[in-house]
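Okay, here's what each chain looks like letter by letter:
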Amino acid sequence: MRSQKSIITVLVCFFFLFTSCTANIKREGYQLDNSVASEKECSNIIVVKNLNYNPELVDIAGKISASDTGFSVKCSETFVVDNFKKDACEIGADIINITKDSQPDFWSTCYRAEAEYIRVKNREMLSEIKTDAKYSAQNISNRSKYTECMNKGIVAAGALGGLIGGLILSGICKSGDTENNQSVSSSNNNIENNK
């Protein structure tokens, strides 16, 4: 009887740890006022990686990062980028410039990223900048589905026999992963003086 209670307690704690923890989000240089912006208002946020810009032509509205807490499960690329977009919309940023990112790997099952929020002073220049293909909603969704499949299956893989279960799981998840095997070229976005 005591053994069953111990097992149930461990399972409940394990379930709580792995269902309630999200990515660790750190904000720098801004605060949110928790206003609610509509999805339509936020749909024009541009997401790029390592944007080349002239500091005189933009304002940096703040910085953000997402990392693994060690117990994070809700930390897919979709979750992180959506949070970055919500903040960008709320503080009036035009561009999310991702300066560093890492896909889930052996060391972490989370998407980790650092970004800065940019407001472009010359609104005409803004029309020349497009979201990098890598950060299209479809590509992010494809990568996130693969990650979520792997995360959900880690426990199941262990129950199926460790290495053998892991290999089976990897094959199942990869069969649904179409984007990770495609090369994606980034847009050539710049905010520079045209002289």
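Residue indices follow the written sequence of each chain, beginning from 1 at its first position. Per-residue local features of the predicted model are confined to residues with pLDDT of at least 70, and side-chain atom pairs are confined, for both listing and counting, to 80 or more; whole-chain, interface and lining totals are unaffected and use all residues. As a rule here, side-chain values cover all heavy atoms of the structure and leave hydrogens and water aside.

Remarks on the overall build of the chain
Short version of the rule: Helix and strand labels come from DSSP, where a helix needs a run of H or I of at least four residues and a strand needs a run of E of at least two; each type is numbered from the N terminus. Contacts are assigned to residue pairs that have any heavy atoms within 4.5 Å of one another. Here the accessible surface of atoms and residues is derived via Shrake-Rupley with a 1.4 Å probe, and residues count as covered only by protein chains that are part of the display.
A tally of helices and strands in the chain yields six helices and seven strands. If you list the helices and strands of the chain from N to C, you get α-β-α-β-β-β-α-β-β-α-α-α-β. Across the chain, the fraction of contacts at a sequence separation of at least 24, relative to all contacts at a separation of at least 6, is 81%. Of the roughly 12,200 Å² of accessible surface on the chain, a fraction of 55% belongs to carbon and sulfur atoms.

Observations regarding the state of the cysteines
Two cysteines whose sulfur atoms are joined by a covalent bond form what is called a disulfide. Heads up, the rule is: The disulfide criterion used throughout: a pair of cysteine sulfur atoms within 2.5 Å. Relative accessibility decides the category of a residue: with a 1.4 Å probe and only protein chains considered, values under 20% of the type maximum give buried, values over 50% give exposed, and everything between is partly exposed.
Under the counting rule described, the total for this entry stands at one disulfide. The disulfide partner of Cys75 is Cys110, and the S-S distance across this bridge is 2.0 Å. One quick way to see it: the torsion about the S-S bond of Cys75 and Cys110 is about -75°, and its sign makes the bridge left-handed. With Cys75 in the loop between strand E4 (58-67) and helix H3 (77-91) and Cys110 in the loop between strand E5 (95-102) and strand E6 (112-120), this pair connects stretches of sequence that are 35 residues apart. Judged by relative accessible area, Cys75 falls into the buried class, the value being 0%.

Considering the packing of aromatic side chains
The description of an aromatic ring pair rests on the distance of the ring centres and on the angle between the ring planes. Cut-off, in case you're wondering: Each Phe, Tyr or Trp ring (for Trp, its six-membered ring) is paired with any other whose centre lies within 6.5 Å, and the angle between the two planes then decides the class: stacked below 30 degrees, edge-to-face above 60, tilted in between.
Considering all chains together, one arrives at one aromatic pair under this definition. With a centroid separation of 5.6 Å and an interplanar angle of 80°, the aromatic rings of Tyr30 and Tyr117 are classed as edge-to-face. Separated by 87 residues along the polypeptide, Tyr30 in the loop between strand E1 (24-28) and helix H2 (39-42) and Tyr117 in strand E6 bring together distant segments of the chain.

Some thoughts on the side chain of Arg112
The condition is simple: Distance and chemistry together define a polar contact, namely a pair of N or O atoms within 3.5 Å, with one atom able to donate a hydrogen and the other to accept it when in protein, and with adjacent residues in sequence counting only for side-chain atoms on both sides.
Summarising the element assignment, Arg112 is placed in strand E6. Looking at Arg112, its side chain comes within polar contact range of the main-chain oxygen of Cys110, at 2.6 Å. The contacts of Arg112, once residues within four sequence positions are left out, are Ala66, Ser67, Asp68, Lys100, Asp101, Ser102, Gln103, Pro104 and Asp105.

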